[in-house]
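Given next are the chains, with one letter for each unit.
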Amino acid sequence: YSIVIRNNGAAAASSYVLVDTLPVGITTTAASITVSPAATCNGGLVVNNVGGRSEIVCTRNTPMFPGAVYTITVPVTVDSSAAASSTNVVIVSSPSDTGGAIAVDTVPVTYNPDLTLVKSATSSVAVNGSLSYTLTVNNTGTGVTNGMITVVDTLAAGLSFSGVTPITGGPF
């Protein structure tokens, strides 16, 4: 996320407090956040854990003059608990501006399947004997597949197909 704080007023803002509570499943660390132009938050930029959510707090006790712009860049990590449409709300308040400012951004979160296939067989088979293969499909991704999964297993020379046991489990 990029958060832009701009003083569009005619007078300096005496100070301000920025609070950004990230959506569930989206996290950050204070060490990864940058402020440009180089500015410091009094007491440092703080990332609190509030109800399992990252809350970013930056308090500046120095004036922000008319036309001044600060950009705070927040790299985030999205985990599987994030909603498919995650809304981030940032609030900036200042004693000099009783209305404050609220910015809202909704970001789509894409969940992707990641299929793995494992083929295993009995350890040995006699000539003219029977052999069983087991094909196991797992989805180790963050989303389900769309539609049917097709598995193709080409038998080696000298082997013949004798039957199949249907797939159990899913959805994938």
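To start, this report covers the structure provided alongside it. (Residues numbered from 1 in each chain as written. Predicted model: local features only at pLDDT ≥ 70, side-chain atom pairs only at ≥ 80, totals over all residues. Heavy atoms only, no water.)

Time to look at the side chain of Ser94. Tracing the backbone through its elements, the reader meets Ser94 in strand S9 (residues 85–94). Residue class for Ser94 comes out buried when judged on its relative accessible area of 12%. (Helix = DSSP H or I, 4+ residues; strand = E, 2+ residues; numbered from the N terminus. Buried < 20%, exposed > 50% of the residue type's maximum accessible area, 1.4 Å probe, protein only.)

Inspection of every chain in the model, using the stated rule, returns 1 salt bridge. Across the pair Lys119 and Asp153 runs a salt bridge whose closest N-O atoms are separated by 2.8 Å. Remark: Asp153 occurs in the segment after strand S12 (133–139) and Lys119 occurs in strand S11 (residues 115–121); sequence separation between them is 34 residues. Relative accessible area serves as the criterion here: at 30%, Asp153 is assigned to the partly exposed category. (Salt bridge = Lys/Arg side-chain N within 4 Å of Asp/Glu carboxyl O.)

Our next topic: the side chain of Ser86. In this fold, Ser86 is placed in strand S9. For Ser86, a relative accessible area of 2% translates into the label buried. Here the side chain of Ser86 touches Ala83 through a polar contact of 2.9 Å, landing on its backbone oxygen. If near-sequence neighbours (up to four positions away) are discounted, Ser86 is found in contact with Pro23, Ile26, Asp105, Thr106, Val107 and Val109. (Polar contact = N/O pair within 3.5 Å; in protein donor to acceptor, adjacent residues only side chain to side chain. Contact = heavy atoms within 4.5 Å.)

If you walk through the whole model with that rule in mind, you get 1 aromatic pair. On the basis of an interplanar angle of 40° and a centroid distance of 6.4 Å, the ring pair of Tyr16 and Tyr70 is categorised as tilted. Pair noted here: Tyr16 is in strand S2 (residues 16–21) and Tyr70 is in strand S7 (residues 69–73), with a separation of 54 residues, a long-range link. The exposure class assigned to Tyr70 is buried, which follows from its relative accessible area of 13%. Against the face of Tyr133 rests Lys119, its NZ or CZ located 4.3 Å from the ring centre. (Phe/Tyr/Trp six-rings, centres within 6.5 Å; stacked < 30°, edge-to-face > 60°. Lys NZ or Arg CZ within 6 Å of the ring centre and 35° of its normal.)

With that settled, the discussion passes to the environment of Val47. Within the secondary structure layout, Val47 lies in strand S5 (residues 46–50). Overall, the relative accessible area of 26% leaves Val47 in the partly exposed class. Counting along the chain gives 10 residues from Val47 to Val57, while the straight-line C-alpha distance between them is 6.4 Å. In this view, Val47 contacts Thr28, Thr29, Ala30, Ile33, Ser54, Glu55 and Ile56; residues no more than four positions away in its chain are not counted.

With that settled, consider the nonpolar core. Within soluble globular proteins, side chains that are nonpolar tend to cluster in buried spots. Counting residues in each nonpolar core, the largest one holds 20 residues, and the members touching the most others are Ile3, Ile5, Leu18, Ile56 and Ile72. The set of elements that each furnish at least two residues to this core consists of strand S1 (2–6), S2, strand S6 (53–60), S7 and S9. Ignoring any residue separated from it by four or fewer positions in sequence, one finds Leu18 in contact with Ile3, Ile5, Ile56, Val57, Cys58, Ile72, Val90, Ile91 and Val92. (Core = buried A, V, L, I, M, F, W, Y, C linked by side-chain atoms within 4.5 Å.)

Another point: the pairing of S7. Residues Tyr70 and Ile72 point to one face of S7 and are all buried, whereas Val69, Thr71 and Thr73, pointing to the other face, are not buried. Judged from the 5 bridges that link them, S1 and S7 form a sheet pairing that is antiparallel. If you follow Val4 over to S7, its bridge partner there is Thr71. Two elements, strand S4 (residues 34–36) and S7, share 3 bridges in a ladder whose sense is antiparallel. The partner of Ser36 across the bridge, within S7, is Thr71. (Pairing = 2+ DSSP bridges.)

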